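The lines below spell out each chain.
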Amino acid sequence: MENNTIRFACNGCGICCKGRLIPLTLDEARQWLNRGHEVAVVLEAFDESTWPTQPRQFTHSAQRAVEVTSGDARIRVVAVLAGNALTQCRNLGDDGRCGIYEERPLVCRIYPMEINPLIALNPKEKICPPEVWEEGEVLFTDRVVDPILADQIERSRQADRDDAQAKIALCEAMGMTVAAWKGDALAVYLPDRARWLEAIARYDQAPVSPAGLDWTVRVETPALAEQLQRVGIALDDRHSTDYIFQSL
Ligand code: SF4
Ligand code: SF4
């Protein structure tokens, strides 16, 4: 007998290829740029004192983060690289099919499964039409995930951990050292493609660790700003237009 079974049959509607950022591993970002597309960077900071209350959540995020200096404090920063599909993915053809299907990013292979091990798959939270959940392959049953998907999910999580230092070093090399605070806002950078390619080429020739630069944090909520200042975290109040700041 199947318990908690989730079946899924993608209908190819392409909704998941539109109106979003597509998270990429560093290697996938290289390929994305080499195909002539834009790669965005989302920078998110946190520390033990404010986020989160659950230790497992903190451990999961800390594995994807790099510890950096901010004023008199140490904070963790995660850099998420993402293909710009805010209108729609440039690889989506007029026929609604993926133009790079065999080489599509891991996240596209994994969707609608969750990559974060602490988030349970909930069809109601997904943008897929309701009918695709009624039949098809078994994605998940009794906490067992389809083995091919499980392997792709693990590869994605491992890449998050493996790429963390390199991504922060690249951000520092491109002058992106202001992060938003996790749960408060998003800081989204859209670096010029040529700058990206130049920074990656330089990094690939001579990989470096993060340079120990002083990072700043921009926050939306006044109470949070006071709290972070009290522990010595440097706040960014220049309201620079180098990035898009979106409160949550
Ligand atoms: S790479 Fe393909 S599957 Fe992924 S978002 Fe773009 S069009 Fe969709
Ligand atoms: S939104 Fe869901 S059903 Fe539509 S193409 Fe994406 S994964 Fe398939």
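See above for the structure.
Keep in mind it's a predicted model, so treat the numbers as computed, not measured.

**Student:** Where do I start with the overall build of the protein in this structure?
**Tutor:** Scanning the protein for helices and strands turns up six helices and 11 strands. Computed over the C-alpha atoms, the radius of gyration of the protein is 19 Å, within 12% of the 18 Å expected from 2.2 N^0.38 for a compact globule of 248 residues. In terms of its C-alpha atoms, the protein occupies a principal-axis envelope of roughly 55 × 40 × 30 Å. Within the protein, buried positions represent 46% of all 248 residues. The contacts in the protein between residues at least 6 apart in sequence include a share of 76% that link residues at least 24 apart. Total accessible area on the protein stands at roughly 13500 Å², and carbon and sulfur atoms take up 48% of it. Placing the 27 positive and 37 negative side-chain charges of the protein at their respective mean positions leaves the two points 1 Å apart.

**Student:** What's the story with the site of ligand 1 in this structure? I'm lost.
**Tutor:** Close contacts around ligand 1 come from Cys17, Ile22, Cys89, Asn91, Leu92, Cys98, Ile100, Pro105 and Cys108, and that covers them all. Looking at the shell around ligand 1, its residues break down into eight nonpolar, one polar and no charged.

**Student:** Hey, could you run me through helix α4 (residues 147-173) in this one?
**Tutor:** An α-helix turns once per 3.6 residues; consequently, residues spaced three or four apart project the same way. If you check α4, its first and last C-alpha atoms are 39 Å apart, about what 27 residues at 1.5 Å a residue would give, namely 39 Å. At Asp163, α4 shows its largest bend, some 50 degrees. Within two residues after α4, Gly175 carries a phi angle of roughly 75 degrees, on the positive side.

**Student:** What's the story with the pattern of salt bridges in this structure? I'm lost.
**Tutor:** Pairs can form between side chains of opposite charge whenever their charged atoms are close. Tallied over the full model, the rule gives 12 salt bridges. Put simply, Glu198 and Arg202 hold a salt bridge, and the shortest N to O gap is 2.7 Å. With Glu198 and Arg202 both in helix α5 (residues 193-205) and four residues apart, this pair spans about one turn of that helix. Judged by its relative accessible area of 48%, Glu198 is partly exposed.

**Student:** It is not clear to me how the packing of aromatic side chains should be interpreted in this structure. Could you clarify?
**Tutor:** For the coordinates displayed, the defined rule picks out three aromatic pairs. Relative to Trp133, the ring of Phe8 lies with its centre 4.9 Å away and its plane at 50 degrees, an arrangement referred to as tilted. Here Phe8, found in strand β1 (residues 6-8), pairs with Trp133, found in the loop between α3 (106-110) and β6 (137-141); they are 125 residues apart in sequence, far enough to count as distant. Trp133 matches Phe8 in its accessibility class, with the two residues each being buried. With a centroid separation of 5.2 Å and 40 degrees between ring planes, the pair formed by Tyr189 and Tyr243 is classed as tilted. With Tyr189 in strand β9 (residues 185-189) and Tyr243 in the loop between α6 (222-230) and β11 (244-247), the pair connects residues that are 54 residues apart, well separated along the chain. You'll find Tyr189 and Tyr243 in the same group, each marked buried.

**Student:** Please explain the site of ligand 2 as it appears in this structure.
**Tutor:** Residues in close proximity to ligand 2 include Phe8, Cys10, Asn11, Gly12, Cys13, Gly14, Ile15, Cys16, Tyr111, Cys128, Pro129 and Val132, which together make up its full environment. Tallied by class, residues from the shell around ligand 2 come to nine nonpolar, three polar and no charged.

**Student:** Teacher, can you tell me more about helix α1 (residues 26-34) here?
**Tutor:** Along α1, the residues classified as buried are Leu26, Glu28, Ala29, Trp32 and Leu33. Around the axis of α1, the buried residues are gathered within 155 degrees of arc, so they sit on the same side. Residues of α1 that are buried sit in contact with β2 (18-24), β3 (39-46), β5 (73-88), α3, α4 and α5.

**Student:** In this structure, what is going on with the pairing of strand β8 (residues 178-181)? I would like to understand it.
**Tutor:** Side chains on a regular strand alternate between the two faces of the sheet. The pairing of β3 with β8 spans two bridges and is parallel. By the bridge assignment for β8, Glu44 is matched with Ala180. Where β8 and strand β10 (residues 216-218) come together, three bridges link them in parallel fashion. Bridging from a neighbouring strand, Ala179 pairs with Val217 of β10.

**Student:** Would you take a moment to explain the packing of α4 against α5 for this structure?
**Tutor:** Think of two packed helices as two axes; the pair is described by the angle between the axes and how far apart they sit. Close contact between α4 and α5 brings their axes to 10 Å; oriented N to C, the two are set at 125 degrees. Judged on the interaxial angle alone, α5 and α4 are oblique. α4 and α5 meet at a crossing whose hand is right-handed. Of the residues in α5, those in contact with Ala166, Ala169 and Leu170 of α4 are Trp196, Ala199, Ile200 and Tyr203.

Conventions and cut-offs
- Residues numbered from 1 in each chain as written.
- Chains lettered and ligands numbered in written order.
- Predicted model: local features only at pLDDT ≥ 70, side-chain atom pairs only at ≥ 80, totals over all residues.
- Heavy atoms only, no water.
- Helix = DSSP H or I, 4+ residues; strand = E, 2+ residues; numbered from the N terminus.
- Rg over C-alpha atoms; globule rule 2.2 N^0.38 Å.
- Buried < 20%, exposed > 50% of the residue type's maximum accessible area, 1.4 Å probe, protein only.
- Contact = heavy atoms within 4.5 Å.
- Areas by Shrake-Rupley, 256 points an atom, 1.4 Å probe, with all protein chains shown as cover.
- Lys, Arg positive; Asp, Glu negative; His and termini not counted.
- Charge placed at Lys NZ, Arg CZ, Asp CG, Glu CD.
- Near = heavy atom within 4 Å.
- Nonpolar A, V, L, I, M, F, W, Y, C, P; charged D, E, K, R; others polar.
- Expected span 1.5 Å × (residues − 1).
- Bend = angle between axes of the 7 residues up to and from the residue.
- Salt bridge = Lys/Arg side-chain N within 4 Å of Asp/Glu carboxyl O.
- Phe/Tyr/Trp six-rings, centres within 6.5 Å; stacked < 30°, edge-to-face > 60°.
- Arc of directions from axis to C-beta.
- Pairing = 2+ DSSP bridges.
- Axes fitted to C-alpha atoms, helices over the stretch in contact; angles between N-to-C directions.
- Parallel < 35°, antiparallel > 145°, perpendicular 65-115°, else oblique.
- Left-handed = near helix turned anticlockwise from the far one by under 90°.

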